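Residue-level structural notes
Listed below are the residues making up each chain.
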Amino acid sequence: IASLPKSIWGKASKTFGAWTASVRGEVEGTDFGSAAIEVNADSADDDLSIKLTGSAGGSGIAVSAVQATKGIDSNGARITINPRYNLETEDGDVVIGYSKDDTNVEITASRDAQSVTVSQQIDEDNRVAPTLTSDGSVSLEYERSLGDGNSVTATLKPNEAIDIEWKDAAWTASINMPVDGTSIGGADVSIKREVSF
């Protein structure tokens, strides 16, 4: 039993005119009575995508979250609007993105919290992205490209944590160090490898 897969998933796709729809189902362990499902519908012509997540089982299908993403190209800039709603918690928000040349701006807003991130590509290999939130917290992300899709990303959240992620081909190393004032706590390190069959 210990050698059995921890999860099993399958995916089916179909095209309907300009729309491509896909359904992905996943079961955990040996519980085949219910499955997590994800339904996606994308239209490249309309620059629109819709995503539903939920579960399916003996009692039927239950949708837990829904979101849509609409893209707009305007004067050399790319604008995306992404409303999201969680039916279980009745929480929703909207993410608005704007990108032009080497600058990206992302605004996330819900009833209770708002944030803005401005990402600037400094040169071919370096990117910096500060984030400000409505509760007054600030974070700073720095990414260094190592070529061939590899990178090191460091994120500083004052009085919270320093996170470092190193991507090297199929390997990803993550380091989290708690921060309290000027004191840095013990590091939590994880390493994973992506395997494709």
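So, a few notes on the structure that sits alongside this text. (Residues numbered from 1 in each chain as written. Predicted model: local features only at pLDDT ≥ 70, side-chain atom pairs only at ≥ 80, totals over all residues. Heavy atoms only, no water.)

Together, Ile50, Leu52, Ile61, Val63, Val66, Tyr85 and Leu87 make up a nonpolar patch on the protein surface, roughly 560 Å² of accessible area in all. Top element by residues in the nonpolar patch is strand β5 (residues 60-74). It accounts for three residues. With respect to the secondary-structure elements, Val63 resides in strand β5. Taking the relative accessible area as the measure of exposure, Val63 reaches 41% and is therefore partly exposed. (Patch = residues over 30% accessible without salt bridge, like charges linked within 9 Å, V, L, I, M, F, W, Y side chains within 5 Å. Areas by Shrake-Rupley, 256 points an atom, 1.4 Å probe, with all protein chains shown as cover. Salt bridge = Lys/Arg side-chain N within 4 Å of Asp/Glu carboxyl O. Helix = DSSP H or I, 4+ residues; strand = E, 2+ residues; numbered from the N terminus. Buried < 20%, exposed > 50% of the residue type's maximum accessible area, 1.4 Å probe, protein only.)

For the rest of this paragraph, the subject is the pairing of strand β2 (residues 19-28). With ten bridges connecting them, strand β1 (residues 7-16) and β2 associate as antiparallel partners. Among the inter-strand pairings, Thr15 is bridged to a residue of β2, identified as Thr20. As consecutive antiparallel partners, β1 and β2 are separated by two residues, and within that stretch Gly17 has a phi angle of approximately 60°, a positive value. Bridge count between β2 and strand β3 (residues 34-43): eight bridges; the pairing is antiparallel. Each bridged residue has a counterpart across the sheet, and for Arg24 the counterpart in β3 is Glu38. If you look at the hairpin formed by β2 and β3, you'll find five residues sitting between the two strands, and Gly29 has a positive phi there, around 55°. (Pairing = 2+ DSSP bridges.)

If charged atoms from side chains of opposite charge come close, those side chains can pair. With the rule as written, the count across this model stands at nine salt bridges. Residue Asp91 is joined to Arg111 by a salt bridge in which the shortest nitrogen-to-oxygen separation is 3.6 Å. Taken together, the residues span a long stretch of sequence, with Asp91 in strand β7 (residues 91-100) and Arg111 in the loop between β8 (103-110) and β9 (114-121) at a distance of 20 residues. Its salt-bridge partner being Glu141, residue Arg127 comes within 2.5 Å of it at the nearest N-O pair. Residue Arg127 is located in strand β10 (residues 126-133), and its partner Glu141 is located in strand β11 (residues 138-147); the two are separated by 14 residues in the primary sequence. Judged by its relative accessible area of 24%, Glu141 is partly exposed. When salt bridges that share partners are traced, they join Asp47, Asp73 and Arg78 into one network.

Let us look at the environment of Ile162. Relative to the helices and strands, Ile162 is located in strand β13 (residues 161-168). Here the alpha-carbon distance between Ile162 and Ala187, two residues 25 residues apart in the chain, equals 9.4 Å. If near-sequence neighbours (up to four positions away) are discounted, Ile162 is found in contact with Thr155, Leu156, Ile175, Asn176, Met177, Val179 and Ile184. (Contact = heavy atoms within 4.5 Å.)

Looking now at the packing of aromatic side chains. Throughout the structure, instances matching the rule amount to zero aromatic pairs. The ring of Phe16 carries the charged tip of Lys14 above its face, separated from the ring centre by 5.8 Å. (Phe/Tyr/Trp six-rings, centres within 6.5 Å; stacked < 30°, edge-to-face > 60°. Lys NZ or Arg CZ within 6 Å of the ring centre and 35° of its normal.)

Quick look at unusual backbone geometry now. With glycine set apart, most residues show a phi of negative sign, and most peptide bonds adopt trans. The residue Asp47 is not glycine, and still its phi comes out positive at about 55°. Positionally, Asp47 belongs in the loop between β3 and β4 (48-57). Since its relative accessible area comes to 24%, Asp47 is described here as partly exposed. A positive phi angle is found at Asp148, which is not glycine, with a value near 55°. Residue classification places Asp148 among the exposed residues on the basis of a relative accessible area of 81%.

Moving on to the environment of Val66. Position of Val66 among the secondary structure elements: in strand β5. You can call Val66 partly exposed: its relative accessible area is 30%.

Further remarks concern the environment of Val179. Following the sequence through the fold, Val179 ends up in strand β14 (residues 171-180). Residue classification places Val179 among the buried residues on the basis of a relative accessible area of 11%. Once the C-alpha coordinates of Val179 and Lys157 are considered, the two residues, 22 residues apart in sequence, prove to be 8.1 Å apart. For Val179, the residues in contact, after removing those within four places along its chain, are Asn159, Glu160, Ala161, Ile162 and Ile184.

Bear in mind that shape data such as this cannot, by itself, settle questions of function.
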